[in-house]
Amino acid sequence: MTTELEIGLYIFILAGFLGYHVISRVPPLLHTPLMSATNAMSGISLVGSLVVAGADFGMLSTFLGFIAVACSSTNVVGGFLITDRMLKMFKKGEDGRGEREVRTRLRRRVVLVILVAGLLASIVWLEELQGFLRGVDPTNALGFFYIVSAVLFILGLKGLSAPKYARKGMFLAEFGMLMAVIGTLFHHDIVDYRWIVAGLIIGTIAGGSMGWWIPMTAVPQRTALSHSLGALAATLIGISEYVRHGAELVHDRVLMTAIGFEVVIGGLTFTGSLMAAAKLQELLRGAPITYKGQNTSNITLLAVIVGSFVYLIAVPTASSLFYLMTGLALLFGFLLVIPIGAADMPVVISLLNSYAGLADAAMGFVLMNKIQIITGSLDGTSGFLLSILMCRAMNRSAMNVLFGAFGKIEPEAARSGADDRGTVRSIVPNEAALLFDGARSVVIVPGYGMAVAQAQHGVSELANALGKRGVNVRYAIHPVAGRMPGHMNVLLAEANVPYDQLFEMDEINPYFAEADIALVVGANDVTNPAAKNDKSSPLYGMPILEVERAKAIIVLKRSMRPGFAGVDNELYYNPKCMMLFGDARDSVVKLLNELKNI
Ligand code: NAP
């Protein structure tokens, strides 16, 4: 066991470094698909769940394994489907292919995958048969399959370093998953397939529905939901393994430690992710829920969980304490997320992505399944890296995000000093259209409001109309505009905006001074000059899109209400700035109609 543990730890650490190397090369353009892809890959917990559901480990294990199979397969099917849907949307201006051609290619690929999977299944079966005949351990063949799958996963992530290769990469990852799953179906511990089949059917239907029908604007909550499913699978398998090994754990402290990690991290990730999904879906109030002594009580709860964990390593048979610890971990996940505002949920879901990866890796240690250790480590690294990137883009620390209750708007503070800032100029659509008629270059700045209004299609139509008039149109994408890293890119890709028109903050900022008009669509904080000029502003230090350097600025929003940070935007008092009040989708349509009439 110690050698196995050593090997497992080496694998975990090396996969983490490799993941960091590969994932840090993924451009911000593809950060949302990256999250869904790692999410789908972390559904590899399916292989461990299949064994527990199909083996003869007792009724409780079979039942928990069945639920874990359903949860993990939902993540695999849903995750890969939605990643593919997103990647299909990313088109370069000059080589945009028709939807029909893409569908035909996809169909051909599915047929190819089924054929090759069938072939592989026969090889595994033959290998198993020969292994039995020669008295060789048949799991060796499965081990090789897992190695190939791991390589395919890493190549899949590598593909995400450019939109051109992203779908091909994901195809390899999907293939890797299929190999691992089919290979596992021949695991020697599996004796009954009924619960496995039932779990796979439920997971495929649930994941398929989520993957096909969920709108792009709901991707953040879907991601949070799938983290919770992955974490639930890990927690249930942890409980099942604890029950199965029972008193044996006294002689295997390493296994007890791994089980403890699995249920604690899995438990808190499960409820934390459910809360995050509910806040993003607006089922719960988005504002931070705070109370006196919140941080102290949370830290005390964490200390009790850690204390119980340490005691259980020493006395693994204290089963009541084990269930109490699991319950407290579930409660901790819930309490950890309630004080965090909805707009900070992207950082939270990235962190929970990382925790879900760790829970998956812990499950890999419990079942000594190396592919799970690898994918858990990759998933953990990816989530951690995205969280760091987001915090950096907001100039905030992870501690401030988790414990700062940021986004709790104090109306008085938000408005203080607003009155002496000057006047705000508002315009109507036909005046704005006249300005566009005389423009030669326009920069469009999308933000969270564009997602809320679902205005991306109208914005793209407006940009096309301007393009036809010879106007040079570019889009400026801030790394944290919207509700998820890369969210704006996905929405604009959905509206057929070629990705070579999307510019990251550092690329576009020098260009603003040349732009005749900066059109801000539902973006607020990411354009606030106070981030550069006002040391007392909560936004101070956050890199922003330098919209104020454009010759004219038109802002589409409904009111003078502040954005997520709760602070007034200096930009709106700039004499060059004009406010076109109203829902962004309506305003864009009106603007387009007026432009057509000129
Ligand atoms: P924002 O500062 O939250 O502002 C969005 C604006 O959209 C609001 O001022 C709102 O004004 C407007 N709006 C809402 N619904 C609208 C509609 N239907 N039509 C027109 N306008 C509408 O958004 P942002 O500039 O995109 O900045 C994102 C914020 O989220 C940043 O503060 C960032 O730090 C935070 N954040 C993002 C991430 C990420 O990964 N993306 C991560 C962590 C935190 P009205 O109400 O007046 O219409």
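An account of the accompanying structure is given in this report.

1. Quick look at the site of the ligand
Argument step 1. Within the structure, the ligand sits among 32 residues, and V480, N524, D525, R558 and S559 are positioned closest to it.
Argument step 2. Interatomic distance of 2.9 Å between a backbone N/O atom of Y448 and an oxygen atom of the ligand.
Argument step 3. Where the shell around the ligand is concerned, the elements lending two or more residues are α13 (345-367), α14 (370-394) and α18 (448-453).
Argument step 4. For the shell around the ligand, the element with the most residues is α18, which contributes 4 residues.
Argument step 5. Split by residue class, the shell around the ligand holds 17 nonpolar, 8 polar and 7 charged.

2. Topic: the packing of aromatic side chains
Argument step 1. This model, assessed by the stated rule, comprises 8 aromatic pairs.
Argument step 2. Measuring from ring centre to ring centre gives 6.4 Å for F63 and W195, while their planes differ by 90 degrees; the resulting arrangement is edge-to-face. You can see F63 sitting in helix α4 (residues 59-89) and its partner W195 sitting in helix α8 (residues 194-213), a full 132 residues away along the chain.
Argument step 3. What makes F63 partly exposed here is its relative accessible area of 39%.
Argument step 4. For the pair Y242 and Y323, a centre-to-centre distance of 6.3 Å together with 85 degrees between the ring planes defines the contact as edge-to-face. Of this pair, Y242 sits in helix α9 (residues 219-245) while Y323 sits in helix α12 (residues 319-337), placing them 81 residues apart in sequence.
Argument step 5. Given a relative accessible area of 5%, Y242 falls into the buried group.
Argument step 6. By the ring-pair criterion, three or more aromatic residues cluster together here, those being F63, F66 and W195.
Argument step 7. A cation over a ring is seen here: R474 above F503, with NZ or CZ 5.2 Å from the ring centre.
Argument step 8. Taking the ring centre of Y511 as reference, the NZ or CZ of R474 above it sits at 3.7 Å.

3. So, unusual backbone geometry
Argument step 1. Of note, Q454 is a non-glycine position whose phi angle comes to about 55 degrees, a positive value.
Argument step 2. Its place among the elements puts Q454 in the loop between α18 and α19 (456-468).
Argument step 3. Phi angles above zero are rare outside glycine, and N496 is one such case at about 65 degrees.
Argument step 4. Mapped onto the elements, N496 comes out in the loop between α20 (487-494) and β4 (502-504).
Argument step 5. A residue is classified by how much of its surface remains accessible, and N496, at 53% relative accessible area, is exposed.

4. So, a nonpolar patch on the surface
Argument step 1. A contiguous nonpolar surface patch, about 400 Å² in accessible area, is contributed by F144, I147, V151 and L155.
Argument step 2. Tracing the chain through its elements places V151 in helix α6 (residues 139-159).

5. Focus: the sheet that holds strand β1 (residues 425-426)
Argument step 1. With parallel pairing, 7 strands are arranged side by side in an open sheet as β1-β7-β6-β5-β2-β3-β4. The sheet is open, and its two edges are formed by β1 and β4, each paired on a single side.
Argument step 2. The sheet contact formed by strand β5 (residues 517-521) and strand β6 (residues 552-557) spans 5 bridges and is parallel. Opposite L519, over in β6, you have I554 as the bridge partner.
Argument step 3. Along the sheet face, α19 touches β2 (441-446), β3 (472-477) and β5 and points at about 150 degrees away from the line of β3.

Definitions and cut-offs
Residues numbered from 1 in each chain as written. Predicted model: local features only at pLDDT ≥ 70, side-chain atom pairs only at ≥ 80, totals over all residues. Heavy atoms only, no water. Near = heavy atom within 4 Å. Polar contact = N/O pair within 3.5 Å; in protein donor to acceptor, adjacent residues only side chain to side chain. Helix = DSSP H or I, 4+ residues; strand = E, 2+ residues; numbered from the N terminus. Nonpolar A, V, L, I, M, F, W, Y, C, P; charged D, E, K, R; others polar. Phe/Tyr/Trp six-rings, centres within 6.5 Å; stacked < 30°, edge-to-face > 60°. Buried < 20%, exposed > 50% of the residue type's maximum accessible area, 1.4 Å probe, protein only. Lys NZ or Arg CZ within 6 Å of the ring centre and 35° of its normal. Patch = residues over 30% accessible without salt bridge, like charges linked within 9 Å, V, L, I, M, F, W, Y side chains within 5 Å. Areas by Shrake-Rupley, 256 points an atom, 1.4 Å probe, with all protein chains shown as cover. Salt bridge = Lys/Arg side-chain N within 4 Å of Asp/Glu carboxyl O. Pairing = 2+ DSSP bridges. Contact = heavy atoms within 4.5 Å. Axes fitted to C-alpha atoms, helices over the stretch in contact; angles between N-to-C directions.

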